[in-house]
Amino acid sequence: DGGITQSPKYLFRKEGQNVTLSCEQNLNHDAMYWYRQDPGQGLRLIYYSQIVNDFQKGDIAEGYSVSREKKESFPLTVTSAQKNPTAFYLCASSIGGSGGPETQYFGPGTRLLVL
Amino acid sequence: AQSVAQPEDQVNVAEGNPLTVKCTYSVSGNPYLFWYVQYPNRGLQFLLKYITGDNLVKGSYGFEAEFNKSQTSFHLKKPSALVSDSALYFCAVSRLHSGGYQKVTFGTGTKLQVIP
């Protein structure tokens, strides 16, 4: 069963705590993305990665960090520096490097709540 | 810079009636345009995209979209709405940057409510 999985479905963060959101894909895609979704604001890009061992900041990277050690995995860490982390986080992937517009495939999302 | 506007936060339509969800865009160069749908507490699903060619694009679940270059619009349409079409719809514009990175900008979304 191909696709993108995200875990956990719900995540609770305490003040001053770092938390990590998992994203795994078995689509053999090179490009992966993290978005944050807030009500009425659409999706905003946090980080993206075009290839293994490479990633770039998106529009709202402050307070977040990522790694891309394996092609199929792109975990996102929400650090204590992110003061307003409550949101729905979406991971996506696309084939990458096609030279044209690429359809993005999304995971089911992780909802992060602050205790 | 690139941007997408979805002027309606919510669209209500009776089941069986035609539906339209509006989208306008701004981007330099040729636009690549997408529509995605999101059901509650789920990720986005691809519906259709416009790259070039025919201005009427057909997609999944009976949806289609009309590209209008002069009006910079890409409205989503369906001839006969179903209750199961009720969801959040996102328009997006894409542009390739140097290094091959595809920057995608999403609209704020339009909630479609189909009334039985």
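Figured I'd write up the structure that's included with this text. This one's a predicted model, so the numbers in the text were calculated from it and none came from an experiment.

## Quick look at unusual backbone geometry
Argument step 1. In this model, S7(A) is joined to P8(A) through a cis peptide bond whose omega is -5°.
Argument step 2. One non-glycine residue, N53(A), lies in the positive phi region at around 65°.
Argument step 3. Checked against the element boundaries, N53(A) lands in the loop between β5 (42-51) and β6 (54-57).
Argument step 4. Given a relative accessible area of 62%, N53(A) falls into the exposed group.
Argument step 5. In this model, Y61(B) sits at a positive phi of 60°, which is unusual for a non-glycine residue.
Argument step 6. Take Y61(B): it is sitting in the loop between β7 (56-58) and β8 (64-68).
Argument step 7. Look at Y61(B) and you get exposed, because its relative accessible area is 52%.

## A closer look at empty space enclosed by the protein
Argument step 1. The full count for this structure, using the stated rule, is two cavities of 30 Å³ or more.
Argument step 2. In this structure, the second largest cavity spans a volume of roughly 40 Å³.
Argument step 3. Lining of the second largest cavity is provided by K9(A), Y10(A), F88(A), P108(A), G109(A), R111(A) and N41(B).
Argument step 4. A breakdown of the residues in the lining of the second largest cavity according to their chemical character gives three nonpolar, two polar and two charged.

## A short note on the packing of aromatic side chains
Argument step 1. Throughout the structure, instances matching the rule amount to 14 aromatic pairs over all chains.
Argument step 2. Judged by centre distance (6.0 Å) and plane angle (70°), the rings of Y36(B) and F46(B) are edge-to-face. Here Y36(B), found in strand β5 (residues 32-38), pairs with F46(B), found in strand β6 (residues 44-50); they are ten residues apart in sequence, far enough to count as distant.
Argument step 3. Note on Y50(B) and F67(B): the rings are 4.1 Å apart at their centroids and 20° apart in plane angle, and the pair reads as stacked. Here Y50(B), found in strand β6, pairs with F67(B), found in strand β8; they are 17 residues apart in sequence, far enough to count as distant.
Argument step 4. Judged by relative accessible area, Y50(B) falls into the buried class, the value being 7%.
Argument step 5. The class for F67(B) is buried, based on a relative accessible area of 6%.
Argument step 6. An aromatic cluster of at least three residues, connected via ring pairs, comprises Y33(A), Y35(A), F106(A), F34(B), Y36(B), F46(B) and F106(B).
Argument step 7. Directly above the aromatic system of F74(A) lies the positively charged group of R68(A), at a separation of 5.9 Å from the ring centroid.

Cut-offs used in this document
- Residues numbered from 1 in each chain as written.
- Chains lettered and ligands numbered in written order.
- Predicted model: local features only at pLDDT ≥ 70, side-chain atom pairs only at ≥ 80, totals over all residues.
- Heavy atoms only, no water.
- Helix = DSSP H or I, 4+ residues; strand = E, 2+ residues; numbered from the N terminus.
- Buried < 20%, exposed > 50% of the residue type's maximum accessible area, 1.4 Å probe, protein only.
- 1 Å grid on protein atoms, 1.4 Å probe; cavity = no way out; pocket = protein on both sides within 12 Å on 5 of 7 lines; lining within 4 Å.
- Points joined across faces, edges and corners; volume = space filled by probe spheres on them.
- Nonpolar A, V, L, I, M, F, W, Y, C, P; charged D, E, K, R; others polar.
- Phe/Tyr/Trp six-rings, centres within 6.5 Å; stacked < 30°, edge-to-face > 60°.
- Lys NZ or Arg CZ within 6 Å of the ring centre and 35° of its normal.

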